[in-house]
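Given next are the chains, with one letter for each unit.
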Amino acid sequence: MMTNGYIIGDGSWTLRVFVTDLSVERSLRVKGDLHVGGVMLKLVEDLDIAIDWSDHALWWPHRNKWLTRTRSTLDQYGVQADAVLHFTPMHKTLRLQLPDLRYLDCKVDFSIKTFNAVMQLCRELGIRHPEELSLCKPLEPHHLKYNLKDLSHKKYLRENNIPVSPDTNTFIANQSPASSTGSLDKTPPFICGPITPMKHTSTPISSPVTPTGTWRRNGHAEINGNVTTLELLNGSLESSLAHSPASPSHEARVRLVRPKSLAEKARMNVAWLDSSLSIMEQGIREYDTLRLRYKFYSFYDLNPKTDAVRINMIYEQAKWMLLNEELDYTEEEALMFAALQVQINLQASIPQPINDTSSMNGVEDDIDAALTDLQVTLEGSHITSYNDIQRVPELSDYLRFLKPKKFTLKAYKTFWFVCTDLQLQLYKSPGGSLVQVINLRDCEVTPDLNLSQKKYGIKLEVPSAEGMSEMWIRCDSEEQYAKWMAACKLAAKGRTLFDNTYESEVKSILSFLEMQKPALQPAISPSSLDIQPDDYMSSRYAKKLKNKAIQRILEAHANVKNLTLAEAKMNYIKAWQSLPDFSVSLFIVRLLGSKKDELLGIASNRIMRMDLTSGDHVKTWMYNTVKEWRINWEIKHMMIEFDKDKLVFACQSADCKVVHEFIGGYIFLSMRSKEANQSLNEELFHKLTGGWV
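What counts, and at which threshold
Going along each chain's sequence as written, the residues are numbered from 1 onward. Confidence filtering applies because this is a predicted model: local features only for residues at pLDDT of at least 70, side-chain atom pairs given and counted only at 80 or more, and all residues used for totals across whole chains, interfaces and linings. For the side-chain quantities, the full set of heavy atoms in the structure was used; hydrogens and water were omitted. The criterion for strand pairing is that DSSP finds at least two bridges linking the strands in question. Runs of E in the DSSP output that reach at least two residues are strands. Runs of H or I that reach at least four are helices, and both are numbered from the N terminus. Axis lines are fitted through C-alpha atoms, for helices just across the contact stretch, and the angle between N-to-C directions can take any value from 0 to 180 degrees. The contact criterion used is simple: two residues touch if any of their non-hydrogen atoms lie within 4.5 Å. The term salt bridge refers to a side-chain nitrogen of Lys or Arg lying within 4 Å of a carboxyl oxygen of Asp or Glu. The classification of residues rests on relative accessible area computed with a 1.4 Å probe and restricted to protein chains. Under 20% of the type maximum is buried, over 50% is exposed, and intermediate values are partly exposed. Side-chain atoms within 4.5 Å link the members of a nonpolar core, which is a set of buried Ala, Val, Leu, Ile, Met, Phe, Trp, Tyr and Cys residues. What makes a patch is a set of residues exposed beyond 30% relative accessible area and free of salt bridges, joined within 9 Å when like-charged and within 5 Å when nonpolar (Val, Leu, Ile, Met, Phe, Trp, Tyr). For accessible areas, the Shrake-Rupley method is used with a probe of radius 1.4 Å. Any residue's cover is judged against the shown protein chains and nothing else. Multiplying one less than the number of residues by 1.5 Å gives the expected span of a helix. Note on terminology: pairs of cysteine sulfur atoms within 2.5 Å are recorded as disulfides. Pairing of aromatic side chains here covers Phe, Tyr and the six-membered ring of Trp, requires ring centres within 6.5 Å, and sorts the geometry by plane angle: under 30 degrees stacked, over 60 edge-to-face, intermediate tilted. Two limits define a charge over a ring: the Lys NZ or Arg CZ must be within 6 Å of the ring centre, and within 35 degrees of the ring normal. Roughly parallel here means an angle under 35 degrees, roughly antiparallel means over 145, roughly perpendicular means 65 to 115, and every remaining angle is called oblique. Here a crossing is taken to be left-handed if its near helix is turned anticlockwise relative to the far helix by less than a right angle, and right-handed if that turn runs clockwise.

Caption draft 1: Layout of the sheet that holds strand β23 (residues 617-622). The sheet built from seven strands is open, its strands ordered β23-β22-β21-β20-β26-β25-β24 with antiparallel pairing. Strands at the two margins of the open sheet, each flanked by one partner only, are β23 and β24 (626-632). Looking at each pair of strands side by side, their axes are set apart by 30° on average, direction ignored. Alignment of strand β25 (residues 637-642) against strand β26 (residues 646-651), held across four bridges, turns out to be antiparallel. Bridge pairing in β26 links Ile-640 to Leu-647. Against the sheet, helix α18 (residues 656-669) touches β20 (585-591), β21 (598-602), β22 (606-610), β24, β25 and β26, its axis set at about 155° to β24.

What follows is the structure, given as structure tokens:
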């Protein structure tokens, strides 16, 4: 007996394929040795509809994966008679929230790895260096209350009728290489338009998937509200993204989650998507909402000439992190950030100089500066002449010193400090006996400032066999503080006072302090601006200053009133980078053999073991001491091996794959060079972040 050219009993079987565009199902007679491309060809011939099917591929809902290797057979994929495949577009509409909290509807490839999808998005949005960004799911307040795998979290979901399904970041092995789309890699034009967000557009951290594997909503009318779809922002996408509204929609702002403790800050990192998997494989469906955010705080080659969009997005992410109290900062710093924000809003409404290419506190883009910077990177220091070799540069002065210990009330003691060759040497007096030597290389240097009380402190955390030894230094003036702070920061990076960036670092610190000083009177009248304190500073400081907030903000603004738009944004970013907690992403972990949770902090240059309650650093490891990092997928434990140490832990607040990506990602970013024509090494990124040996 013949059926569709096949003889019954010849090993052929019926494959069911659901065509999502038409909402129809077709049954095809196939054999296991038929390749995926052949299946799609038979399906299109069976449909006999004159439509461009080039952007379509086969999706297997039950296995949660794409069949994009068109030359692979059904047997090789494991597809059998009980399978139901979907024939669906690879490019789907995704609701994207930008760092400035605006929403865009974008056509995104749901079939390629998330890392590659972000690259395509950034290319169309005009954002350079997409490797610094990633996609994450919107968070709800209850996500900050429990760790990812806590039973109490599952109980909360059940009690609130929220479907419980696999965790967001549970790793699913991706058997489809990113470059294997074959004949299906034809990309439709990029489209994005401003939209009005729906009342509930977030995808839960554990994303439910319907039996059909697709979420269908009531067409474009529902997702676009009263805004015309696919309409570019004010005509020019790039110019619109380079300037954000002074304040976002009320709905976007109220949906921000505000962490109230270190544990809640750590739980915010649960939402990152897996860079090695496609968007579809992680429970995201068409018209769902994702956030585009900077994941790695290692900003490469920020250039005001070419990075208007990128600088604006970094500024906006920094602004909302500060307003949302995701980082700690002082009242003076809060007023400085608010003042810069006022200046940015004022400058955004007036034409800017065409050739605004000033240095902006050390931003250099000419060839000579780039070559010099490359030399510093390779050599670690700059020697001006042969005679300099004969003398060792020194910085010396009287400073106060304290090495705190528990249960003691010791006061600061004055010593004669000498900084030379990456060391601090303490003497009782000039030429006197040596009291102590502090090796600054790989130490952590944190400012301890209170300008209103004339407190100019430097906190040092120095690596030792027992962990991190804490030491405090007090300076007497701003000038003294700037010199010693710059010296300590450079020495921590392995650079001596010979380094040609020392003087610029001193000037940058002094400029940073100057911006925090209140002026005698505001440069503009409070009545001439409509300033709501909550839009310019966190609620904590807005409540503390009360009716004085606007006056204090405008007094601080007088210090930055002459900055252009680009200069103000760059100063804001640089001040944000100077905060003690900048670039530290937190995770709650439990060390192997331990019964209590701790914090693991991952920064752009180091990994820190921290106390969960106080945030004190127990031990710090620099990336140059990391030999290996890998995951045991069976028990979800991660191991990091250092030169003289080993750390084994289970991550409680997120999947261990997220931790692995942060470490591998920062190591990948540290390997970027100054070559203008360098290409992004996708293979190396996935090798460092993929989690597989």
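Caption draft 2: Main features of the pattern of salt bridges. Using the criterion set out here, one finds 33 salt bridges in the structure. The partner of Lys-636 in a salt bridge is Asp-655, with the nearest N and O atoms 2.8 Å apart. In this pair, Lys-636 is assigned in the loop between β24 and β25 and Asp-655 in the loop between β26 and α18, connecting sequence segments 19 residues apart. Like Asp-655, Lys-636 is buried. Residues joined by salt bridges that share partners form a network here, namely Arg-128, Glu-131, Glu-132, Asp-301, Asp-307, Arg-310 and Arg-672.

Caption draft 3: The arrangement of the side chain of Gln-347 in detail. As for its placement among the helices and strands, Gln-347 is situated in helix α10 (residues 331-348). Judged by its relative accessible area of 14%, Gln-347 falls in the buried class. Not counting the four nearest positions on each side in its chain, Gln-347 is found in contact with Gln-352, Leu-563, Thr-564 and Leu-565.

Caption draft 4: Up close: the nonpolar core. Ranked by size, the top nonpolar core spans 116 residues in total, and within it Trp-576, Ile-640 and Ile-663 carry the most contacts. Contacts of Ile-640, omitting those with residues within four sequence positions, involve Ile-607, Val-626, Glu-628, Trp-629, Asp-645, Lys-646, Leu-647, Phe-649 and Ile-663. One finds Leu-399, Leu-440, Ile-473 and Met-485 within the second-largest nonpolar core, a separate group that totals 36 residues.

Caption draft 5: Spatial organisation of a nonpolar patch on the surface. On the surface, Leu-22, Ile-49 and Ile-51 cluster together into a nonpolar patch covering about 210 Å² of accessible area. In this structure, Ile-49 sits in the loop between α1 (36-47) and β5 (56-60). The partly exposed category is assigned to Ile-49, whose relative accessible area is 35%.

Caption draft 6: Up close: helix α17 (residues 565-577). The end-to-end C-alpha distance of α17, which contains 13 residues, comes to 19 Å, matching closely the 18 Å that a straight helix rising 1.5 Å per residue would cover. The buried fraction of α17 amounts to 10 of the 13 residues, a majority that puts the element mostly inside the structure. Restricting attention to buried positions, one finds in α17 the residues Leu-565, Glu-567, Ala-568, Lys-569, Met-570, Asn-571, Tyr-572, Ile-573, Ala-575 and Trp-576. Its buried side turned inward, α17 meets α9 (308-323), α10 and α14 (502-515).

Caption draft 7: Representation of the state of the cysteines within the structure. Under the defined criterion, the tally for this structure stands at zero disulfides. Left without a disulfide partner, Cys-443 is nearest to the cysteine sulfur of Cys-488, which lies 6.7 Å away. Accessibility expressed as a relative area gives 6% for Cys-443, which makes it buried.

Caption draft 8: Looking closely at the packing of aromatic side chains. As enumerated under the stated definition, the model contains 24 aromatic pairs in all. Among the aromatic residues, those joined into a cluster by ring pairs are Trp-272, Phe-296, Phe-587, Tyr-623, Phe-662 and Tyr-666. When the ring centre of Phe-662 is taken as origin, the NZ or CZ atom of Lys-295, which lies over that ring, is 5.2 Å away. For the cation-ring pair, Arg-540 lies above Tyr-541, with the distance from its terminal atom to the ring centre recorded as 4.4 Å.

Caption draft 9: How the structure looks around the pairing of β26. Relative to β26, β20 runs antiparallel, the two sharing three bridges. Following the sheet pairing, Leu-591 is matched in β26 by Phe-649. Counting the residues that bridge the hairpin from β25 to β26 gives three residues.

Caption draft 10: Layout of the sheet that holds strand β19 (residues 467-475). Spatially, β16-β15-β14-β13-β19-β18-β17 is the arrangement adopted by the seven strands of the open sheet, whose pairing is antiparallel. Only two strands of the sheet have a single partner each, and these edge strands are β16 (434-439) and β17 (444-450). For this sheet, the mean angle separating the axes of adjacent strands, direction not counted, is 35°. Packing against the sheet, helix α13 (residues 478-492) makes contact with β13 (395-402), β14 (413-420), β15 (423-427), β17, β18 (455-464) and β19, and its axis sits at approximately 90° to β13.

Caption draft 11: Local environment of the pairing of strand β12 (residues 289-294). Across the six residues that make up β12, a large majority, six, are buried. Residues Thr-289, Arg-291 and Arg-293 point to one face of β12 and Leu-290, Leu-292 and Tyr-294 to the other, with burial holding for every one of them. Looking at chain direction, strand β8 (residues 91-97) and β12 are connected through three bridges and run parallel. Among the inter-strand pairings, Arg-95 is bridged to a residue of β12, identified as Thr-289. Here four bridges tie strand β10 (residues 133-136) to β12, and the two strands are oriented antiparallel to one another.

Caption draft 12: Seen up close, the packing of helix α3 (residues 114-125) against helix α19 (residues 682-689). One can describe the packing of α3 onto α19 by two numbers: an axis separation of 11 Å at closest approach and a directional angle of 135°. Comparing their axes, α19 and α3 come out oblique. Here α3 runs over α19; the crossing is right-handed. Of the residues in α19, those touching α3 at Phe-115, Asn-116 and Met-119 are Glu-682, Phe-685 and His-686.

Shape descriptors only; they carry no functional weight alone.
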